[in-house]
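Results of the structural survey
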Amino acid sequence: WYECNPPFSPGLMEQMVTRLLQHLSEADDKGRAVSFVIIVPACESMSSTKDDAVPAARRFASRSFRSMLESKYKTQHILLASGEHGYVEGAQHLRPTRFKTSRYDTSVILLQSRKARRDVEKACGSNWKGKFEAGMRAAFGSGHENESIERKDEAYLPNNRKEVEKEEEDTQAEDKKRQKSRKKKHRRKK
């Protein structure tokens, strides 16, 4: 089993899908079990608002997304609704929280060779897809809410309250510094 969570660049996503389908075709030819779990933005709900930061990326990524969904290797597609799942933020070391709730729908797509499908059904039974989906939903469940509750509880302990407040102030100050720095760099480029 392999996981693919590519940078959400349309050209790169198209190349990834082409390569994955080649690997799956070769696996079928050689009778090998190969499975790919791909995590990408959902392109099914293509509606975007003026404030949507990624409408062009979604539109262009749609081709690779459709290639996976229409592929003979697609075993399962799980749609994770925005706000109902999350991820570990890349800048977690700079923030008071690790987790971030996703503002966009996400697709988890399972592509498998014929042998991989047979092997997993033989090993896990006919309801394996339901178990797989439940596992994926649990894995992507946002830890942000639980983490926020824990931090608030810690803040009200007499010894920790000031420390937590100071940490949050420092994080906000660092964020403002980074934003100013980005604006300066942007102005210089113009």
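A few points on the structure.

Analysis parameters
- Residues numbered from 1 in each chain as written.
- Predicted model: local features only at pLDDT ≥ 70, side-chain atom pairs only at ≥ 80, totals over all residues.
- Heavy atoms only, no water.
- Helix = DSSP H or I, 4+ residues; strand = E, 2+ residues; numbered from the N terminus.
- Areas by Shrake-Rupley, 256 points an atom, 1.4 Å probe, with all protein chains shown as cover.
- Salt bridge = Lys/Arg side-chain N within 4 Å of Asp/Glu carboxyl O.
- Buried < 20%, exposed > 50% of the residue type's maximum accessible area, 1.4 Å probe, protein only.
- Phe/Tyr/Trp six-rings, centres within 6.5 Å; stacked < 30°, edge-to-face > 60°.
- Pairing = 2+ DSSP bridges.
- Axes fitted to C-alpha atoms, helices over the stretch in contact; angles between N-to-C directions.
- Contact = heavy atoms within 4.5 Å.
- Core = buried A, V, L, I, M, F, W, Y, C linked by side-chain atoms within 4.5 Å.
- Expected span 1.5 Å × (residues − 1).
- Arc of directions from axis to C-beta.

1. Side note on the overall build of the protein chain
Looking only at helices and strands, the protein chain has six helices and six strands in total. Each helix and strand of the protein chain, placed in order from N terminus to C terminus, yields the pattern β-α-β-α-β-β-β-β-α-α-α-α. Counting only carbon and sulfur atoms, one obtains 49% of the accessible surface of the protein chain, whose full area is about 12900 Å².

2. Re the pattern of salt bridges
One side chain can pair with another of opposite charge once the charged atoms of both are near each other. Scanning all chains against the criterion turns up three salt bridges. Residue R114 pairs with D28 through a salt bridge whose shortest N-O separation is 3.4 Å. Remark: D28 occurs in helix α1 (residues 10-30) and R114 occurs in helix α3 (residues 114-124); sequence separation between them is 86 residues. The partly exposed category is assigned to R114, whose relative accessible area is 48%. The exposure class assigned to D28 is buried, which follows from its relative accessible area of 11%.

3. Topic: the packing of aromatic side chains
For the structure on display, the rule yields three aromatic pairs. Arranged with centres 5.9 Å apart and planes meeting at 35°, the rings of W1 and F132 form a pair that is tilted. Separated by 131 residues along the polypeptide, W1 in the segment before β1 (2-4) and F132 in helix α4 (residues 128-140) bring together distant segments of the chain. In this structure F132 comes out as buried when scored by relative accessible area, which is 14%. For the ring pair W128 and F132, a centre distance of 6.4 Å and an interplane angle of 65° mean the geometry is edge-to-face. Within this pair, W128 and its partner F132 are both found in helix α4, separated by four residues, close to a single helical turn.

4. What to know about the sheet that holds strand β6 (residues 106-112)
The four strands are arranged β1-β2-β6-β3 in an open sheet whose pairing can be described as mixed. The open sheet has two free edges, formed respectively by β1 and β3 (74-80), since each of these has just one partner strand. Direction aside, the axes of adjacent strands within the sheet are offset by 15° on average. Two elements, β3 and β6, share six bridges in a ladder whose sense is antiparallel. When the sheet's bridge partners are listed, K74 is paired in β6 with L111. Here α3 sits on the sheet in contact with β2 (35-41), β3 and β6, set at roughly 100° to β6.

5. Notes on the nonpolar core
With 18 residues, the main nonpolar core has M16, F36, I38, V40, M68, I109 and L111 as its most contacted residues. When residues of this core are traced back to their parent elements, those giving at least two are α1, β2, α2 (55-69) and β6. Setting aside anything within four residues of it in sequence, one finds F36 in contact with Y2, C4, L20, H23, L24, I109, L110 and L111. Residues I78, L80, L110 and F140 belong to the second largest nonpolar core, which totals 11 residues.

6. Brief notes about the environment of S25
The residue S25 is located in helix α1 in this model. A residue is classified by how much of its surface remains accessible, and S25, at 29% relative accessible area, is partly exposed. Sequence separation of S25 and S113 is 88 residues, and the distance between their C-alpha atoms is 7.4 Å.

7. What about the pairing of β6?
Within β6, seven of the seven residues are buried, leaving the element largely enclosed by the surrounding structure. Of the two faces of β6, the one holding T106, V108, L110 and Q112 and the one holding S107, I109 and L111 are both buried throughout. One ladder, built from seven bridges, connects β2 with β6; its direction is antiparallel. Across the sheet, residue I39 finds its bridge partner in β6, namely V108.

8. Focus: α1
With 21 residues, α1 ought to run about 30 Å at 1.5 Å a step, and its terminal C-alpha atoms sit 30 Å apart, in line with that. Taken together, the buried positions of α1 are occupied by M13, M16, V17, L20, L24, A27 and D28. Taken end-on, α1 shows its buried residues confined to a sector of 105°, consistent with a single buried face. Within α1, the exposed residues directed more than 90 degrees away from the buried face are Q15, D29 and K30. In the segment just after α1, G31 is the residue with positive phi, at about 65°.

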